[in-house]
Amino acid sequence: MNMYAVPEISAGPNQQYWDLGLKCFNQGDNAQTALKTVWRRLPPPGDLNLLAAIVGNLYGDTFWSDQKLQMDADLLAQYMNAATGINPPDCQRAANNAYRLWYGMLVRCNTSNDGLIPKTGSFTASPDVLINGLTTLDPYDMITKWDQTTWGPQPGLKNNTYGRGQNKNLQVPIKQGKIKIYFTSNGFNQPPASWTQLFTYDGSKQTADLVNINDQKAIRPGERSACDTSFGFEPPGAGHYCLIVCAQTEYFSNDPASISGANWNNGSSAHWITYNGAAGWHNVNVSQTGNEPLAFYNNDDVPAQFRFVARCRNVPEGAVVAMKIDDLGLEHSAKVTGEDQEIFADIEVPANYDGTLNVEFPVLPAHASISYSLIWRVAANSAPAESLSKLVRDGYAAEVADEILVVLGDTHFVGEQS
């Protein structure tokens, strides 16, 4: 057996109920009917957690909420209560449990992601977004080098670009896994309206099939997969860009283009990517010049208090790091005085603002890096504070005092050989 292939997981005691839910899905039954059908077949006294995990995730398109930008446990609980007659608190607990794991094709935000929702750590360093310039990659290489980041965009050329994912927590194969890829300008909290979808390298399709290490389209439980063909990415300029990979399955269409811009507020980018297990974002770049424009937005209808933070590691002592927003009059610079240092600048940003943070730093030597973060400073007694408290508790770099600090995005620059 190939040492890199994940062995097939033998069917557990609940395989028949996964198959029953899948049958309901494939024959076009709605989620309410599937809940009733599976519940009636479960042996007494019934397992609400199993019911929620099966139907709640096979019917991902039913329960994904564009308002909440995540799977809607409240809606699932309502449907379960109606289908089973079990009291609402028990249904709610089961629905919450069902969405603490990602069931389906997992695309990592960073190498530490293991299927827990929300994802933790940086949400802009996905190893499952790959660029290899003019050289192609095959699924075997992308799967055997699972934790290796391949990121070599070449400006002015048509780059071979890929996505990959793993069948996590499902007890059934994924038979129709596909990948879509988008790009947007480098920066922080870009809404989907600013994204551009890529086509496959030959220009014929908007999606590529996911295949396993043996080039098979049925991705078994626990198995890893990668694109069977590349997408063509032609950077429209010499700058850096963010790429976003979205995985689709027969259970989940995962279409960010369908999300209304009216629902996309300042916290949405972070929320969407960390609660959507089938999406990954990458914006780790090598800077050749040390002069970079970073896009950012105030997606709200009221002014926002933003903080920009530059985190320097192994940047040469005495170097000057600057941050500027020309039309808002921000101009802040500081000298690097230590091996690890943070430099920050605060500013109020007008409502519905589309702007550029211009950053300047020295050309980075090997093993040096500088990371920029956009942080939203939310007053504790303001309207957004209550809704943001859950996002903050889920592990984002934030502290609660007179205000709530919410990281809206990061972008990273490294030395040539880092």
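Residues numbered from 1 in each chain as written. Predicted model: local features only at pLDDT ≥ 70, side-chain atom pairs only at ≥ 80, totals over all residues. Heavy atoms only, no water.

What about the sheet that holds strand β15 (residues 291–298)?
Defined as follows: A pair of strands is labelled paired if DSSP reports no fewer than 2 bridges between them. To qualify as a helix, a DSSP run of H or I must reach at least 4 residues; to qualify as a strand, a run of E must reach at least 2; elements of each kind are numbered from the N terminus. Axis definition: a line fit to C-alpha positions, over the contact stretch in the case of helices; interaxial angles, taken between N-to-C directions, run 0 to 180 degrees.
If you walk across this open sheet you meet the 4 strands as β15-β20-β17-β18, and the pairing is antiparallel. The sheet is open, and its two borders are formed by β15 and β18 (330–335), each paired with just one other strand. With strand direction ignored, the average angle separating the axes of adjacent strands in the sheet is 20 degrees.

Describing helix α1 (residues 15–26)
The condition that has to hold: To estimate the expected span of a helix, count its residues, drop one, and scale the result by 1.5 Å. Residue burial is assigned from relative accessible area. The probe radius is 1.4 Å, only protein chains are included, and a residue is buried under 20% of its type maximum, exposed over 50%, and partly exposed in between. In what follows, residue pairs with any heavy atoms lying within 4.5 Å of each other are defined as contacts.
With 12 residues, α1 should cover 16 Å at 1.5 Å per step; its first-to-last C-alpha distance of 16 Å lies within 8% of that length. Among all positions of α1, only Gln15, Tyr17, Trp18, Leu20, Gly21, Leu22 and Cys24 are buried. Those residues of α1 hidden inside the fold are in contact with α2 (31–41) and α3 (48–58). In the segment just after α1, Gly28 is the residue with positive phi, at about 90 degrees.

Considering the pairing of strand β12 (residues 241–248)
Remark: a regular strand shows side chains that alternate across the two faces of the sheet. Within β12, 8 of the 8 residues are buried, which leaves the element mostly enclosed by the surrounding structure. Where burial is concerned, the two faces of β12 agree: the one with Tyr241, Leu243, Val245 and Ala247 and the one with Cys242, Ile244, Cys246 and Gln248 are both buried.

Details of the nonpolar core
Rules: Nonpolar cores were defined as sets of buried Ala, Val, Leu, Ile, Met, Phe, Trp, Tyr and Cys residues, with membership established by side-chain atoms within 4.5 Å. Where each domain begins and ends follows an automated or database-derived domain assignment.
One finds Leu51, Met80, Leu243 and Trp272 to be the most contacted residues of the largest nonpolar core, which totals 84 residues. Domain assignment of the residues forming this core places at least three in each of domain 1 (14–100) and domain 2 (105–285). Not counting residues within four places of it along the chain, the set of residues in contact with Trp272 comprises Trp64, Leu69, Trp195, Ile244, Cys246, Asn254, Pro256, Ile259, Trp264 and Ala279.

Digging into the side chain of Gln248
To keep things clear, this is the line we draw: Polar contacts here mean pairs of N or O atoms no more than 3.5 Å apart (in protein, one a potential hydrogen donor and the other a potential acceptor; neighbouring residues in sequence count only if both atoms are side-chain atoms).
Structurally, Gln248 is set in strand β12. Owing to a relative accessible area of 17%, Gln248 belongs among the buried residues under this scheme. Within the structure, Gln248 has its side chain in polar contact with the backbone oxygen of Ser253 (distance 3.0 Å). In this view, Gln248 contacts Gln176, Gly177, Lys178, Lys180, Thr207 and Ser253; residues no more than four positions away in its chain are not counted.

What about the pattern of salt bridges?
Short version of the rule: Here, a salt bridge means any side-chain nitrogen of Lys or Arg that lies within 4 Å of a carboxyl oxygen of Asp or Glu.
What the rule picks out here adds up to 15 salt bridges. Residue Arg220 is joined to Glu223 by a salt bridge in which the shortest nitrogen-to-oxygen separation is 3.0 Å. Its salt-bridge partner being Lys324, residue Glu360 comes within 3.6 Å of it at the nearest N-O pair. You can see Glu360 sitting in strand β20 (residues 353–360) and its partner Lys324 sitting in strand β17 (residues 320–325), a full 36 residues away along the chain. Classification of Glu360 by relative accessible area gives partly exposed; the value is 32%. Residues joined by salt bridges that share partners form a network here, namely Arg108, Asp128, Asp147 and Arg164.

Remarks on the layout of surface pockets
The line we're drawing: As defined here, a cavity is a set of points on a 1 Å grid over the protein atoms alone where a 1.4 Å probe fits but cannot get out. A pocket is an open set with protein on both sides within 12 Å along at least five of seven lines, and residues line them when an atom is within 4 Å of a point. Grid points are joined across faces, edges and corners, and a volume is the space filled by probe spheres set on the points. Gly is placed with the polar residues, together with every amino acid not listed as nonpolar (Ala, Val, Leu, Ile, Met, Phe, Trp, Tyr, Cys and Pro) or charged (Asp, Glu, Lys and Arg).
Of the pockets and cavities examined, the second largest pocket occupies roughly 590 Å³. In terms of lining, the second largest pocket is formed by 27 residues, of which the most central are Trp151, Pro153, Val284, Asn285 and Val286. A per-element tally of the lining of the second largest pocket places strand β14 (residues 284–286) first, with 3 residues. Of the residues belonging to the lining of the second largest pocket, the class tally is 12 nonpolar, 13 polar and 2 charged. Each of two domains, domain 2 (105–285) and domain 3 (291–415), supplies a minimum of three residues to the lining of the second largest pocket.

What to know about empty space enclosed by the protein
Taken as a whole and judged by the stated rule, the model has 3 cavities of 30 Å³ or more. Of the voids in this model, the largest cavity is the one considered here, and its volume is about 70 Å³. As for the largest cavity, its lining consists of Asn57, Gly60, Met71, Trp102, Tyr103, Gly104, Met105, Ala247, Thr249, Tyr251, Phe252 and Ala278. Tallied by class, the residues present in the lining of the largest cavity amount to 8 nonpolar, 4 polar and no charged. In terms of lining residues, the second largest cavity is bounded by Gln70, Met71, Tyr99, Leu101, Trp102, Ile117 and Tyr275. Residue composition of the lining of the second largest cavity, by class: 6 nonpolar, 1 polar and no charged.

Description of the sheet that holds β14
Taken together, 5 strands build an open sheet; the order of strands is β14-β22-β21-β16-β19 and the sheet is mixed. Looking at which strands have only one partner, the edges of the open sheet turn out to be β14 and β19 (340–349). Along the sheet, successive strands turn relative to each other by an average axial angle of 25 degrees, direction set aside.

A look at the confidence of the model for the protein
In plain terms, the rule: Confidence scores per residue from the predictor, reported as pLDDT, run from 0 to 100.
Per-residue pLDDT for the protein averages 88, and the proportion of residues at 70 or more is 90%. Predicted confidence for residues 1–13 stays below pLDDT 50, and this span has 16 contacts to residues more than four positions away or in other chains.

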